[in-house]
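Observations on chain architecture
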Amino acid sequence: MATAHGDGGGRTSVSVPAADSADAGFAQDMTVHHQQAVEMSFIVRDRTKDEEIRRLAYDVAQTQANQRGMLLGWLDLWELPKTSGRPPMTWMGMRSMPPGEDGALMPGMATNAELDALRTSNGRKAEILYLQLMIEHHKGGVHMASGCASRCANGAERRLARSMVASQQSEISLMEDLLRKRGAAPRP
């Protein structure tokens, strides 16, 4: 990490990660990953009247939009690009990851076809599809956040990553319960 020094005007120094660091890669990749979770949550909120699902979707959208803002803020503070020119998750040593299928750029992300199916489903069908997609999405997010928790140098970013792991694992359990209530199960 490089250190940016103050300008003599009372600014404190900021430790700036390299553009190819885990810190930068996680912030860049997770902002993309979180954006899709926010999108899916807004879609299902409009496709169901079930208050439990609407409340979950609202919580997911608000939490992930907030975290996304933090990550983008750090990238801005560090004067690093918001996206990387490298393949997703390179910072985790996943250079050989196959290219995303039908718009799914990273593990756990829904494909374009899955998003279209969510956009055109209603009620219970939309609820089940959202829960199934979001469970996979959270599993991919947990994988990435765990990678940052062990690789990132920035303490605040590591703490955020650890909190993501804990909250998303908790939400996965909740979503599995919600699927069971609907007579469905996570995707194999």
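For the structure, see preceding data.
The notes below deal with the structure included here. For clarity, every value in this text was computed on a predicted model and none was experimentally measured. (Residues numbered from 1 in each chain as written. Predicted model: local features only at pLDDT ≥ 70, side-chain atom pairs only at ≥ 80, totals over all residues. Heavy atoms only, no water.)

1. Section: unusual backbone geometry
Keep in mind that most residues, glycine aside, have a negative phi and that most peptide bonds are trans. Its identity as a non-glycine residue notwithstanding, Glu 79 has a phi of 55 degrees, on the positive side. Position of Glu 79 among the secondary structure elements: in the loop between α2 (51-77) and α3 (112-120). Of note, Met 89 is a non-glycine position whose phi angle comes to about 65 degrees, a positive value. Mapped onto the secondary structure, Met 89 falls in the loop between α2 and α3. (Helix = DSSP H or I, 4+ residues; strand = E, 2+ residues; numbered from the N terminus.)

2. Observations regarding the environment of His 138
By secondary structure assignment, the location of His 138 is in helix α4 (residues 123-151). Once the C-alpha coordinates of His 138 and Gln 169 are considered, the two residues, 31 residues apart in sequence, prove to be 7.5 Å apart. In this structure, His 138 is in contact with Val 60, Gln 64, Gln 168, Glu 171, Ile 172 and Met 175, ignoring residues within four places of it in sequence. In this structure the side chain of His 138 is engaged in a polar contact, spanning 2.5 Å, whose partner is the side chain of Glu 171. (Contact = heavy atoms within 4.5 Å. Polar contact = N/O pair within 3.5 Å; in protein donor to acceptor, adjacent residues only side chain to side chain.)

3. Description of the state of the cysteines
For the structure shown, the criterion picks out one disulfide. Residue Cys 148 pairs covalently with Cys 152 via a disulfide, S to S 2.3 Å. Across the S-S bond linking Cys 148 and Cys 152, the dihedral sits near -125 degrees, which makes this disulfide left-handed. On the basis of relative accessible area, Cys 152 is assigned to the buried category, the value being 5%. (Disulfide = S-S within 2.5 Å. Buried < 20%, exposed > 50% of the residue type's maximum accessible area, 1.4 Å probe, protein only.)

4. Let's talk about the nonpolar core
A general feature of soluble globular proteins is that nonpolar side chains tend to end up buried together. Counting residues in each nonpolar core, the largest one holds 26 residues, and the members touching the most others are Phe 26, Met 30, Leu 71, Trp 91, Met 144, Ala 145 and Met 164. Listing elements by their share of this core, those giving two or more residues are α1 (22-45), α2, α4 and α5 (155-181). Among residues more than four places away in sequence, those in contact with Trp 91 are Ser 21, Ala 22, Gly 25, Phe 26, Asp 29, Met 144, Gly 147, Cys 148 and Arg 151. Counting 24 residues, the second largest nonpolar core, distinct from the first, contains Val 44, Ala 126, Met 175 and Ala 184. (Core = buried A, V, L, I, M, F, W, Y, C linked by side-chain atoms within 4.5 Å.)

5. Side note on the packing of α3 against α4
Any two packed helices are characterised by how steeply their axes cross, that is the angle between the axes, and by the distance between the axes. Two elements in contact, α3 and α4, have axes separated by 9 Å at closest approach and are oriented at 150 degrees. Considering the angle they form, α3 stands roughly antiparallel to α4. Considering only the axes of α3 and α4, their crossing is left-handed. Contacts between α3 and α4 pair Glu 114, Ala 117 and Leu 118 from the former with Ala 126, Leu 129, Tyr 130 and Leu 133 from the latter. Classifying every residue of the contact of α3 with α4 gives six nonpolar, no polar and one charged. (Axes fitted to C-alpha atoms, helices over the stretch in contact; angles between N-to-C directions. Parallel < 35°, antiparallel > 145°, perpendicular 65-115°, else oblique. Left-handed = near helix turned anticlockwise from the far one by under 90°. Nonpolar A, V, L, I, M, F, W, Y, C, P; charged D, E, K, R; others polar.)

6. Looking at the pattern of salt bridges
Considering all chains together, one arrives at eleven salt bridges under this definition. Linking Asp 76 and Lys 82 is a salt bridge whose minimum nitrogen-to-oxygen distance equals 3.7 Å. Overall, the relative accessible area of 36% leaves Lys 82 in the partly exposed class. Here Arg 180 makes a salt bridge to Asp 177, at a shortest N to O gap of 2.2 Å. Of this pair, Arg 180 and Asp 177 both sit in helix α5, three residues apart, which is roughly one turn of the helix. With a relative accessible area of 53%, Arg 180 lands in the exposed category. (Salt bridge = Lys/Arg side-chain N within 4 Å of Asp/Glu carboxyl O.)

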